[in-house]
Amino acid sequence: MEKRIKERFGDGILAEAMRRYDIVPGEIRLLDGFESFIYEFERGGKPFILRVGHTFRRSEDLIRGEVDWINHLARGGAAVAAAVPSSSGNLVERIDDDRGEAFLATAFVKAVGKPARKADWTPAFTEQYGRVLGRMHALTKDYEPADPAWRRLEWDDATMLDAERFIPSGEARVVERYRDVLRRLGALQRGDRDSYGLIHQDAHAGNFHVDEAGRITLFDFDDCAYSWFANDIAIVLFYAVPWDGGAVAFAEEFMGRFLSGYSEENRLDPVWLPEFPHFLKLREIDLYAVIHRSFDVEHLDDNPWCARYMDGRGKRIEAGVPYVDYDFTRLARFL
């Protein structure tokens, strides 16, 4: 989270957000949040999630667009955690920070279940994961925001592509690799509703829960943007693939199952498979920059995941090492 957002947040902001959502003191607890303040609370005996973000990160219109899309997906039967209104009936509550900007509070149904365990990752589970994303992509083809001002950003909007700000100044080769992938992706067709639309853009296992029956519910749509459906799928693989060897074999097995499920809900044209390495590279460099922005990379002892990710990462990016050295066209038989 940006330091300037943390500095403006305090008990007064939280108390006001609680008041607007009828949250009783003692029935709210802080959860981990990377870009926003996240809380769990109860109302009417049911669990919900309160998210308090800031206009430095997303405008009020963008948040309205996010929750409008989420509820469109929920109405269409997608396995997502729907947004719920405040006591005044608002899906977004603006709370001034007394310094010319504002915090934006939104609430969601808490996804049933818990984070996926290792035992959950059966072939059938991976296929279900694919169906969840496929259903979302099928539904987004017919989506238009209720208000045109709420339209979410394109993947390459200047406010989305800020990695260069945080890549260390001495790493010109990393910046060059970043610009190369932006040029490659920027030249791709984006007018086809069957391949391009509003996507989650962060649908990894940390952003869904699994109930006792093994059903997935996806949440945290904060990064949703207009991009290629293939990019959404590549991001799933990005976070799933192991770093300790066996990445190629894993990619073929995992993606075969995932795409088999995906294809039950939506069709992905195999023409997009050769672009997977470039979508993966974009996320690799973006995450590299975000970790530089948000952490002291010389002292990551309290964040082992980030420490493992950053170990030698800059050198691999500079050398052009593929994130997964695999021929993704081999997956065409699953589509």
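Everything below is about the structure printed above this text.
Residues numbered from 1 in each chain as written. Predicted model: local features only at pLDDT ≥ 70, side-chain atom pairs only at ≥ 80, totals over all residues. Heavy atoms only, no water.

1. Observations concerning the pattern of salt bridges
Using the criterion set out here, one finds 37 salt bridges in the structure. When the shortest N-O distance is used, the salt bridge between Arg58 and Asp222 registers 3.7 Å. Separated by 164 residues along the polypeptide, Arg58 in the loop between β3 (46-54) and α3 (60-75) and Asp222 in the loop between β9 (216-218) and β10 (225-228) bring together distant segments of the chain. Since its relative accessible area comes to 6%, Asp222 is described here as buried. Ionic pairing is found between Arg184 and Glu275, a salt bridge with its closest N-O pair at 3.0 Å. Residue Arg184 is located in helix α5 (residues 172-186), and its partner Glu275 is located in the loop between α7 (247-265) and α8 (276-294); the two are separated by 91 residues in the primary sequence. Via salt bridges that share partners, Glu35, Arg57, Arg58, Asp222, Asp223 and Arg293 belong to a single interconnected network. (Salt bridge = Lys/Arg side-chain N within 4 Å of Asp/Glu carboxyl O. Helix = DSSP H or I, 4+ residues; strand = E, 2+ residues; numbered from the N terminus. Buried < 20%, exposed > 50% of the residue type's maximum accessible area, 1.4 Å probe, protein only.)

2. Digging into the packing of aromatic side chains
Going through the model one piece at a time under the given rule, you end up with 27 aromatic pairs. Seen from their ring centres, Trp121 and Phe254 are 6.4 Å apart, and the 45° between their planes marks the pair as tilted. Separated by 133 residues along the polypeptide, Trp121 in the loop between β6 (102-109) and α4 (123-140) and Phe254 in helix α7 bring together distant segments of the chain. On the accessibility criterion, Phe254 (5% relative accessible area) is buried. Between Tyr196 and Trp228, the ring centres sit 5.1 Å apart and the planes meet at 80°, which makes this aromatic pair edge-to-face. Here Tyr196 is found in strand β7 (residues 196-199), whereas its partner Trp228 is found in strand β10, with 32 residues between them in sequence. For the pair shown, Tyr196 and Trp228 are each scored as buried. Feature note: the residues Trp121, Phe125, Tyr129, Phe208, Phe250, Phe254 and Phe258 constitute an aromatic cluster, connected by ring pairs. (Phe/Tyr/Trp six-rings, centres within 6.5 Å; stacked < 30°, edge-to-face > 60°.)

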